[in-house]
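# A look at the structure
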Amino acid sequence: DLILAFESSCDETSVSVIEDGNKILSNIVATQINSHKRFGGVVPEVASRHHIEQITLCLEDALNQAGVGYEDLSAVAVTYGPGLVGALLVGISAAKVVAFTHNLPLIPVNHMAGHIYAARFVKPLVFPALALLVSGGHTELVYLAAPNSYEIIGETRDDAAGEAYDKIGRVLGINYPAGKEIDRLAHLGKDVFSFPRAMINENNFDFSFSGLKSAFINTVHHADQVGEKLDHKDLAASFQQSVVDVLAEKTVNALKKYPVKQLILAGGVAANSGLRERIERELKKFDNVSLLMAPLKLCGDNAAMIGAAGHVAWKAGVRADMSLNADPSLEFSWIK
Ligand code: ATP
Ligand code: MG
Ligand code: FE
């Protein structure tokens, strides 16, 4: 089975060819980060225009690198949400053209399911599973009873973890997206500020990161006003420790309530080394739960993960027709 997959939900244009849902023949990713840096975040109109410029080039590269032609394909998968409407529409249009012209099934894929299935390239998912899904726009604990079944058991009530990283990065003068650089600094500093760990003792699986963000920004601004110079390494270490503590604690609590066979760590923030180390350590206490972490290079947005999730959806009979539209605020719905 060969699936051609498209991803254009945010600031990466990506096209990939996936064999049997688990082998990457090609995964072309054109990032627009440099165009958004000076604005400190993604500008939707700029993103759409970049996707339009890049999508056919990525498509050609993906087919060439995989060494396949349209006649070899079995299906076309595409992200249809959540994300920026204008950005999503570029990938959807391209996918429709290929599916229609070559008479191939069109598979609609939820971007967040894609993030989870990035882990599929390490080894197969085992059900029931729990996913800690941490990205630029989402922070959720998702229960997967079976393939194609997604139930959110907890989520952030305000900022996503990645969003908090990017916002405090701005205060430290770090370019968007700041997660990777803060992660690096964190390892050089110490948790001397002990910022709040919101909701850590609450009996639910929800998160909140806006209080942490405010505490961080207030600390930096206050120091500025009194002319004090704070160590960015310690600030980064303190911030990261607070984020990791909350994510790990809530995940452990969820594993106690939901006896699953596997924990999946996925999403852009799953690239965080502090989080990966901590989750690995915590999982040693759970004998019957295996840990599956998305590969570092597939944590961020890419079409390979959409191909992997698309393959599962395709086998389950999920199809779209030429009326497929972007759904910017798409949520998980599950098939029993
Ligand atoms: P969503 O998937 O929710 O729609 P998105 O696609 O914009 O949002 P991703 O591409 O999954 O988000 O992840 C990007 C985010 O990951 C950014 O906020 C970035 O700062 C963060 N990030 C990347 N690497 C790291 C890291 N090592 N530590 C922490 N955060 C990181
Ligand atoms: Mg991105
Ligand atoms: Fe994403």
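Cut-offs used in this document
Residues numbered from 1 in each chain as written. Chains lettered and ligands numbered in written order. Predicted model: local features only at pLDDT ≥ 70, side-chain atom pairs only at ≥ 80, totals over all residues. UniProt positions renumbered as here; feature names shortened; annotations may be inferred. Pairing = 2+ DSSP bridges. Helix = DSSP H or I, 4+ residues; strand = E, 2+ residues; numbered from the N terminus. Axes fitted to C-alpha atoms, helices over the stretch in contact; angles between N-to-C directions. Near = placed C-beta within 6 Å. Nonpolar A, V, L, I, M, F, W, Y, C, P; charged D, E, K, R; others polar. Contact = placed C-beta atoms within 7 Å. Parallel < 35°, antiparallel > 145°, perpendicular 65-115°, else oblique. Left-handed = near helix turned anticlockwise from the far one by under 90°. Buried ≥ 20, exposed ≤ 12 C-beta atoms within 10 Å, placed from the backbone.

Looking at an unreviewed UniProt entry, one finds the protein chain named tRNA N6-adenosine threonylcarbamoyltransferase and attributed to Liquorilactobacillus aquaticus DSM 21051. Taken directly from UniProt, the Subcellular location (unreviewed entry) text for the protein chain runs: "Cytoplasm". Here is the UniProt Catalytic activity (unreviewed entry) comment for the protein chain, exactly as written: "L-threonylcarbamoyladenylate + adenosine(37) in tRNA = N(6)-L-threonylcarbamoyladenosine(37) in tRNA + AMP + H(+)".

Taken together, the five strands give an open sheet; going across it, the order is 8-7-6-9-10, and neighbouring strands pair in mixed fashion. Here the strands that pair on one side only, and so sit at the sheet edges, are strand 8 (151–155) and strand 10 (290–293). Averaged over all adjacent pairs, the angle separating strand axes in this sheet is 20°, with direction ignored. Relative to strand 9 (residues 262–266), strand 6 (residues 129–134) is paired through five bridges, and the arrangement is parallel. By the bridge assignment for strand 9, L133 is matched with A266.

Close to ligand 1 lie 25 residues, the nearest being G136, G137, G162, G179 and G268. When residues of the shell around ligand 1 are traced back to their parent elements, those giving at least two are helix 4 (111–117), helix 5 (161–171) and helix 6 (179–186). Residues of the shell around ligand 1, tallied by class, amount to seven nonpolar, 14 polar and four charged.

Let's shift gears to the UniProt feature "binding site: substrate" (unreviewed entry) in the protein chain. UniProt records the feature "binding site: substrate" (unreviewed entry) at L133, V134, S135, G136, G137, D166, G179, D183 and N272, using the numbering of this structure. Along the chain, G136 falls in the loop between strand 6 and strand 7 (139–144). Residues contacting G136, with those up to four places away along its chain left out, are A160, G162, E163, P177 and G268. Assignment of secondary structure puts D183 in helix 6. The residues contacting D183, other than those within four sequence positions of it, are Q240, N272, S273 and G274.

Look at helix 2 (residues 44–66) against helix 3 (residues 85–101): their axes get within 8 Å of each other, and the N-to-C directions meet at 20°. Our classification of the angle between helix 2 and helix 3 gives roughly parallel. Remark: the crossing between helix 2 and helix 3 carries right-handed chirality. Residues P44, A47, S48, H51, I52, I55 and L59 of helix 2 pack against G86, A87, V90, G91 and A94 of helix 3. Of the residues contributing to the contact of helix 2 with helix 3, the split by class is eight nonpolar, four polar and no charged.

The next thing to look at is the environment of G83. Tracing the chain through its elements places G83 in the loop between strand 4 (75–81) and helix 3. The exposure class assigned to G83 is buried, which follows from the 28 C-beta atoms found within 10 Å. For the pair formed by G83 and A99, sequence separation is 16 residues and the distance between their alpha carbons is 22 Å. Leave out the neighbours within four places in its chain, and G83 touches S9, C10, L88, H111 and P328.

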